[in-house]
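If you want the building blocks of each chain, they are given just below.
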Amino acid sequence: MPPQRTRTSSTRASTRTVSIDAPADTVYRLLADAERWPLLLPDPVHVERIDFDGTRERLRTWDLTPGGHIRSHHLQRTLDPRTRTITHTRQDTTRPGTPTTGTWTVHPDGDSRTRLTLHQEHPTEPHPETGPGPDAGTDSLLARLTRLAEHHPHLDELLLSFHDTVHLDGPAEVVYDFLHHIRHWPDRTPHIDLADVTEDTPGIQLATLATTGPDGLPTTTRTVRLCFPAATRIVFKELTTPAPIAAHTGEWSLTPHATGTTVTCAQQILLHHPNPTHPHTPDTTAELARTRHHLRTRLGRTTTDTLRLATWRARTAVRRLH
């Protein structure tokens, strides 16, 4: 359906509709579950729910713009599962007074198809860091949602979530300092060969890492890291991922206690389907199981190895203090 646009002195309205080969309830659930967007959609880096009363919610989101910048928004949404509508107001934290408002409407189209419509009103003046206009971003988002919904029956088997926890003998501040200064990791961790890090905005890091895997093969990844020193947390999302990983997000969190620090690294993985045309054959199921086990083992080992190095540096720092 071609876009419909209206103009005022300060806003421009647009409407997009797509047809999706998936049930309406499936499409609505994907839209409603905002906290999973960083893993399922390309642009969201991190979503934090601030408040939710069952109908109205307030979110803080961080998104990657087409120009390669990270922008943060406050997002207020009203969810109505009965009518399958979600209304929202998105406020760019750097541009107060210029919100984008919109409504998602999910219409059943028979028993197994859906018509998904997004109506939005944008500020007329584009943000200098957005790159292409909002219509291009909307088209990309709708295309991604369509693919996700149409593959939803197989989504659970493609998701992998796990965490590793280590108790360290050292203060949380020292351990956090080690994790935060990723640019020094090539000198401190054996699996990192090169780290090119930019931090134009304090606490927002864009890192390109060259690593060597256990198989000896080199890999280059780009990662966004959001650092919250007051909460001793670091959230990350990989922007480029090696096969068979389609998306990879995670979080380092530190909890100080009387005898040291507990560090947890929680990770979420979305896999590429090895055989989407024949998803339920025994060979495909077995391949997915092997892939999940291999990734869980490899990434868990890398995490714990990194934390052992953090432990050593924390102990060294404590000895120097004494």
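The notes below deal with the structure included here. (Residues numbered from 1 in each chain as written. Predicted model: local features only at pLDDT ≥ 70, side-chain atom pairs only at ≥ 80, totals over all residues. Heavy atoms only, no water.)

## Examining empty space enclosed by the protein
Spelled out, the test is: Both cavities and pockets are sets of points on a 1 Å grid over the protein atoms alone; in a cavity a 1.4 Å probe fits but cannot get out, in a pocket the set is open with protein on both sides within 12 Å along at least five of seven lines, and lining residues sit with an atom within 4 Å of a point. Grid points are joined across faces, edges and corners, and a volume is the space filled by probe spheres set on the points. Gly is put with the polar residues, along with every residue not named as nonpolar or charged; the nonpolar set is Ala, Val, Leu, Ile, Met, Phe, Trp, Tyr, Cys and Pro, and the charged set is Asp, Glu, Lys and Arg.
Across all of its chains, the model carries one cavity of 30 Å³ or more by this definition. Forming the boundary of the largest cavity are Leu30, Trp37, Leu40, Leu41, Leu145 and Leu148. Per-class residue counts for the lining of the largest cavity are six nonpolar, no polar and no charged.

## Overview of the sheet that holds strand β12 (residues 218–228)
Threshold: We call two strands paired when DSSP finds no fewer than two bridges between them. Strands are runs of DSSP state E lasting at least two residues, helices are runs of H or I lasting at least four, and both sets are numbered from the N terminus onward. Working convention: axes come from line fits to C-alpha atoms, limited for helices to the stretch in contact. Angles between N-to-C directions cover 0 to 180 degrees. For this analysis, residues touch if any pair of their heavy atoms sits within 4.5 Å.
One open sheet accounts for seven strands, arranged β9-β15-β14-β13-β12-β11-β10; its pairing is antiparallel. The open sheet has two free edges, formed respectively by β9 (159–168) and β10 (192–201), since each of these has just one partner strand. Mean inter-strand twist for the sheet, computed between neighbouring axes without regard to direction, equals 20 degrees. In this sheet, β12 lies alongside strand β11 (residues 204–212) in antiparallel orientation, the contact comprising nine bridges. When the bridges of β12 are listed, Leu206 appears paired with Val224. Along the sheet, helix α5 (residues 172–180) makes contact with β9, β10, β11, β12, β13 (233–238), β14 (245–257) and β15 (260–271), crossing β14 at roughly 160 degrees.

## A word on the packing of aromatic side chains
Convention followed: In this scheme Phe, Tyr and Trp rings, the latter by its six-membered ring, pair at centre separations within 6.5 Å, and the angle between planes marks the pair as stacked below 30 degrees, edge-to-face above 60, and tilted otherwise. For every residue, the accessible area (1.4 Å probe, protein chains only) is compared with the maximum for its type, and the residue is labelled buried under 20%, exposed over 50%, or partly exposed between those bounds.
Enumeration over the complete set of coordinates arrives at two aromatic pairs. With centroids separated by 5.8 Å and ring planes inclined at 75 degrees, the aromatic side chains of Trp62 and Phe228 adopt a geometry described as edge-to-face. Of the two residues, Trp62 is situated in strand β4 (residues 56–64) and Phe228 in strand β12; the sequence distance between them amounts to 166 residues. Residue Phe228 is classed as partly exposed on the basis of its relative accessible area of 21%.

## Things to note about the pairing of β11
With seven of its nine residues buried, β11 lies for the most part within the structure. Where β10 and β11 come together, seven bridges link them in antiparallel fashion. Residue Asp196 lies in a different strand from β11, and its bridge partner there is Thr208.

## Some words on the side chain of Arg225
Put simply, the rule reads: Positive residues here are Lys and Arg, negative ones are Asp and Glu, while His and the chain termini are left out of the count. One speaks of a salt bridge when a side-chain nitrogen belonging to Lys or Arg is within 4 Å of a carboxyl oxygen belonging to Asp or Glu. Under this definition, polar contacts are N or O atom pairs within 3.5 Å; protein pairs additionally need one hydrogen-donor-capable and one acceptor-capable atom, and for neighbouring residues in sequence, both atoms have to be side-chain atoms.
With respect to the helices and strands, the residue Arg225 is situated in strand β12. Lacking a salt bridge, the buried Arg225 has Glu199 as its closest oppositely charged neighbour, with an N-O distance of 7.7 Å. Side-chain polar atoms of Arg225 contact the backbone oxygen of Leu179, separated by 2.6 Å. Separated by 3.1 Å, the side chain of Arg225 and the backbone oxygen of His180 make a polar contact. Discounting chain neighbours no more than four positions away, the residues touching Arg225 are Leu179, His180, Ile182, Trp185, Gly203, Ile204, Gln205, Ile234, Val235, Phe236 and Trp252.

## Looking at the environment of Leu116
With respect to the helices and strands, Leu116 occurs in strand β8 (residues 114–123). Sequence separation of Leu116 and Leu145 is 29 residues, and the distance between their C-alpha atoms is 9.7 Å. If near-sequence neighbours (up to four positions away) are discounted, Leu116 is found in contact with Arg16, Thr17, Val18, Ile20, Val27, Leu31, Trp104, Thr105, Val106, Leu142 and Leu145.

## Considering the pairing of strand β5 (residues 70–80)
As a general feature of sheets, a regular strand has side chains that alternate between the two faces. Both β4 and β5 contribute to a ladder of nine bridges, which runs antiparallel. Looking at β5, one finds that Glu57 is bridged to Arg77. Hairpin connection, β4 to β5: the antiparallel pair is bridged by five residues, and Gly68 has positive phi, about 85 degrees. Sheet topology places β5 next to strand β6 (residues 85–92); eight bridges connect them, and they run antiparallel. Within β6, the residue paired with His73 across the bridge is Asp92. Hairpin remark: β5 followed by β6, antiparallel, with four residues in the connecting loop; positive phi at Arg84, about 55 degrees.

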